[in-house]
Amino acid sequence: MSFRSRLFVAFSLAVLVPLGLLAFGLRRELSRRLTADYERRVSRAVGSIRQDLARESESVAGRLAALVGDLAADNRFRLAAVQRDPPSRRYLLDYAEGAMRLSGLALLQLQDSSGRILSSGHFRNEYDQLRPDLPRFVATSGGPVTVVRTRTPEGSLLALARVDSFAAAGRRFTLTGGAALEDRLLKRLSPDPDLSVALLAPGDSLPAHSGGEVVSALDLPYLDLAAATTSPDTARLVVTQSAGTLVALRRSLDAWLLAALGTTLGLAMVGAAWMSSRISRPLTELAEKTSAIDLDRMDQDFSSQRDDEIGALSRLLGAMTERLRLGSTRLREAERRLAVGDLARQVNHDVKNGLVPIRNVLRHFAQVAQERPETLAAVFEERRATLDSSVAYLETLARNYARLSPGMSREQCDVNAVVEDVVRAASPGPATLRTSLAAHLSPVSADRLVLRRILENLVVNAVESLASAAGGWVTVSTEPVAGDGLGPWVRITVTDTGPGMTRAELDRAFDDFYTTKEGGSGLGLSIVRRLVLDLEGTLRIDTEPGAGTRVAVELPALADGAAAR
Amino acid sequence: MLALGAATGSGCGRASAPLPTTSPMVPAPAEACVLTAGEPGGLDTVSVGPLPFEGLLLRRLESPIRFDCLGQPRPGLATAWSSDSSGRSWTLVLAAGGVAAADLVSEWRARGATLSALQWAGVESMVPLDRRRLVVTLRRPSATVPTIFADPSLAVPTLGDGGVVLDLVSHRGDDPRDALDRGADLLQTDDPGVVEYAASRPDLLTVELPWSRIYLLLVPDGDPIELSIEADSAAFRAALARDAVRGAARAAEPPFWWEHPPACGSTPSPAAAGRQRVGGAIAYPLRDRTARELAERIVALSDGMTTKGLEEADLAPALHAGSERAYVISLARRVLVPCRELSGWPTGAIIVPLIDTRSSLIVRRGVPALTLEWDGSVRLEERR
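Worth saying up front: this structure is predicted, and the values here are computed from it rather than measured.

Reading the values: the criteria
Every residue gets a number counted from 1 within its own chain, in the order that chain's sequence is written. Lettering for chains starts from A, numbering for ligands starts from 1, and both go in the order in which the items are written. It should be noted that, the model being predicted, local features are given only for residues of pLDDT at least 70 and side-chain atom pairs only at 80 or more, the latter also being counted only at that level, while totals for whole chains, interfaces and linings use all residues. The side-chain values count all of the structure's non-hydrogen atoms but skip hydrogen atoms and water molecules. Each helix is a run of DSSP H or I of at least 4 residues and each strand a run of E of at least 2, with the numbering of both proceeding from the N terminus. Relative accessible area decides the class of each residue, using a 1.4 Å probe on protein chains only: under 20% of the type maximum gives buried, over 50% gives exposed, and in between gives partly exposed. For this analysis, residues touch if any pair of their heavy atoms sits within 4.5 Å. Each accessible area is a Shrake-Rupley result for a 1.4 Å probe, and residues are judged covered by the shown protein chains and nothing else. Whenever a carboxyl oxygen of Asp or Glu lies within 4 Å of a side-chain nitrogen of Lys or Arg, that contact is scored as a salt bridge. Criterion for a disulfide: a pair of cysteine sulfur atoms within 2.5 Å. Residues belong to a common nonpolar core when they are buried Ala, Val, Leu, Ile, Met, Phe, Trp, Tyr or Cys residues joined through side-chain atoms within 4.5 Å.

Visitor: What am I meant to see in the overall build of chain B here?
Guide: Looking only at helices and strands, chain B has 10 helices and 24 strands in total. Each of the 384 residues in chain B was classed as buried or not, and the buried ones make up 50%. When contacts within chain B are restricted to residue pairs at least 6 apart in sequence, long-range pairs at least 24 apart make up 80% of them. A total accessible area of about 16600 Å² is found for chain B, and carbon and sulfur atoms account for 53% of it.

Visitor: So what exactly am I meant to see when it comes to the pattern of salt bridges here?
Guide: Pairing between side chains becomes possible if they bear opposite charge and their charged atoms approach one another. According to the stated counting rule, one finds 42 salt bridges over all chains in the structure shown. A salt bridge links A:Asp94 to A:Arg124, with the nearest nitrogen and oxygen atoms 2.7 Å apart. Residue A:Asp94 is found in helix α3 (residues 86–103), and its partner A:Arg124 is found in the loop between β2 (117–120) and α4 (133–140); the two are separated by 30 residues along the sequence. We classify A:Asp94 as partly exposed; its relative accessible area is 22%. The partner of B:Asp151 in a salt bridge is B:Arg340, with the nearest N and O atoms 2.6 Å apart. Taken together, the residues B:Asp151 in the loop between β10 (133–138) and β11 (156–157) and B:Arg340 in helix α10 (residues 338–342) connect sequence positions 189 residues apart. Given a relative accessible area of 22%, B:Arg340 falls into the partly exposed group. Linked through salt bridges whose partners overlap, the residues forming this network are A:Asp94, A:Glu97, A:Arg124, B:Arg246, B:Arg289 and B:Glu293.

Visitor: Would you mind going over the state of the cysteines with me for this structure?
Guide: Think of a disulfide as a covalent bridge from one cysteine sulfur atom to another cysteine sulfur atom. All names here are of chain B. Under the counting rule described, the total for this entry stands at 1 disulfide over all chains. For Cys-33, the disulfide goes to Cys-69, at an S-S distance of 1.8 Å. Note on the Cys-33 and Cys-69 pair: the S-S dihedral is about -90 degrees, so by sign convention the disulfide is left-handed. With Cys-33 in the loop between α1 (4–8) and β2 (34–36) and Cys-69 in the loop between β5 (65–67) and β6 (73–75), this residue pair connects regions lying 36 residues apart in the sequence. In this structure, Cys-33 and Cys-69 share a single accessibility class: buried.

Visitor: I tried to follow the side chain of B:Glu373 on my own but got confused; where do I start?
Guide: Take B:Glu373: it is sitting in the loop between β23 (370–372) and β24 (378–380). Taking the relative accessible area as the measure of exposure, B:Glu373 reaches 2% and is therefore buried.

Visitor: I'm lost on the nonpolar core in this one. Help?
Guide: Here is a general trend for soluble globular proteins: nonpolar side chains tend to be buried in one another's company. Residues A:Val415, A:Val444, A:Leu451, A:Ile454, A:Leu458, A:Val474 and A:Ile492 are the most contacted members of the largest nonpolar core, which totals 42 residues. If one sorts the elements of this core by residue count, helix α10 (residues 448–465) of chain A sits on top with 8 residues. Not counting residues within four places of it along the chain, the set of residues in contact with A:Ile454 comprises A:Val528, A:Leu531, A:Val532, A:Leu535 and A:Val553. Counting 29 residues, the second largest nonpolar core, distinct from the first, contains B:Val136, B:Leu138, B:Phe149 and B:Val156.

Structure follows, in structure tokens:
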């Protein structure tokens, strides 16, 4: 997991967990308080409904009382119901319908003492039917509120019923009236929009789509006259709470909490990104600078103005690099001295080798001059070849050593042109030589001859590494390289597909006179490294057995048009 | 308990209503058919009250012939008629100056209801001989002038000047007494309250019309409806007429024209076995109060049934399909084309006649003479 991811997770946990706990607590507390509030409202509503039902029932009773008073004084009723006057029968049959309409009732039924219907308002043509159950049940139900379901032509009617009675000519008549328990009345009973009232007859259940929760119920005496068999029962007036408001509130709260969580999450991401950039970027830069350090590149700048741990680490690395640089210089000097010592010993050895024959010839000449002077000329001619050979050897030796320290004349030098000259003059043998040159490459400040010698050595080495192979590629490429604040660099890379070097061979590759090639001088890479260092450049070898060798030379570039140093 | 279905079969009997007979010309209305004689110097404009006034309207839309209350054929569009020796081809002689024979045939052919009536009546062809003469050929011979010639569906507007202008107004939904108070000169009603009100007005004359409608219970699948009443059929019908309905009514009296229908051929009604009942109610025409009252009484005497009012447009297909438990419908006591009426009934149905009804005609004094037609409708005699 990256540092940035860890920061993000930490930020998220640090913010989201407390916020989530807060949201959960808020939601729970809100729900608890709303539920308690609903319970109080329901309790008040149930009390109000009970009073309203009683009031409605009293209203029905009052209207019935008025109708009873009128009927007792109605002569046509008396003629029809008591005297059974045929012409008045039609009046009696139509009486309840008109009286019901005038009194605002939904149910009105006039019956004699046997329960025979004399007139019905809600079912005009149910006359003469025996229905004693209705007045009897309403009269004996015991409570002020009685619910009945009666037949109508179109079906049935659910009503809040009351009964009244009166006597005429010694006969008793009952008048049963009622208000319809329809949705309108039930809605009127519940002024609270979140509460609804429904009447459930025995066997009924709340409709599935009501979406409410039964919170209270009133048991009411109930008689179903529309059923096949009638028997007193109990209906339930249930008060249900609509979960709509609570659900809407919860949804709104959830939406806001989600928005807060989302915003927090976004801020955590931004904060994590910012923090990680503040913390990890300097570390990354330090890591890059550190990785660029090697014995040939000790010029990384670790200076920092920060006063925090990063600044301290940077300064520590700078000090360490400085110590490395000093150590490297001393090591290089030691190497140089060691190389010079080796060279001196080698020169001594070589010169001695060249002087020994001369000394022997000279001793021979001295002996001949002392013992047989007359033959000195002949002996000289005889040993002259030896002298010539030794002198030639020494001259060659001198030339060879002279090549170790050529004079340097710096100028503005086009690297690509030198590469092309070298490649053009090279004898690739079985290898294929190719170039990949960067356009608009900045010039370098170098001795053209020195640069040519560097490249010749590297190209020859690469070509010769392929001599034993059936073929292969040697690629010479150039490219600009970003510098470390001191200006751009030019990188020259010679890559071959040869056998590569082992680690041991690489460790000794820069030693003078070390060679793995038959007939090699062992001075090529040593000279190359020295020349590169003289040009204030760097040299790097990447190699692996079987994977070829890549030699990269980096030289400081001149700005276009800058004068050579 | 009375099974209504069982009560229907006993009411058989051939219709004894006076059938029209061939009569070339009977210019004056029979005295028995005169409702009001009219008064000299009467109204020039007659205002007709609310529905139903089709009877009056149809007399302005004349059929080829008409029948008076005694069943005597009288001139309509045709002033004379005769048949050939076979009794199948009848020649109508149209009034001079009236509608041309070819125009009349074109008009009939353009009207679906007219073509249907002609088809049910067995008319095979109609050929105009000249402007006034039209030959109608029947599939079966007829000894008397075919009643189809008086069918209202064959009526077309008359071209002559009647001398009386009918001011036709519709008062649907109003109290009929409002129409009288606004000056309607004619009002046909079955509302006893309106009749009572008119009787108290000296400027109005009330005439009871004949028993022209019959209400019946039609049970499509032949399954009798059990009623909780101990009575025989006649008592039941009488009780219905007395108590269940508010208008003028009596127990339905035979003959019933549908009990011995003519050979009508196959009717498109579905068979009883193939019907699918979708409702368990007793259906009735929604705007027919008498039908509703009868349906409610039957429901009151039964267990578990309900009533269901249907608009006219819904009632006919429901009746044809027999999709309800039963139907209370009304018919004319006399019909000119029985096969056409029977075509809308489901086959195998139980038909229980219930009550006959009639309406009253309230006439403002001074209105021209009114005569009664064979089917119970009223004709306004034009001033001469």
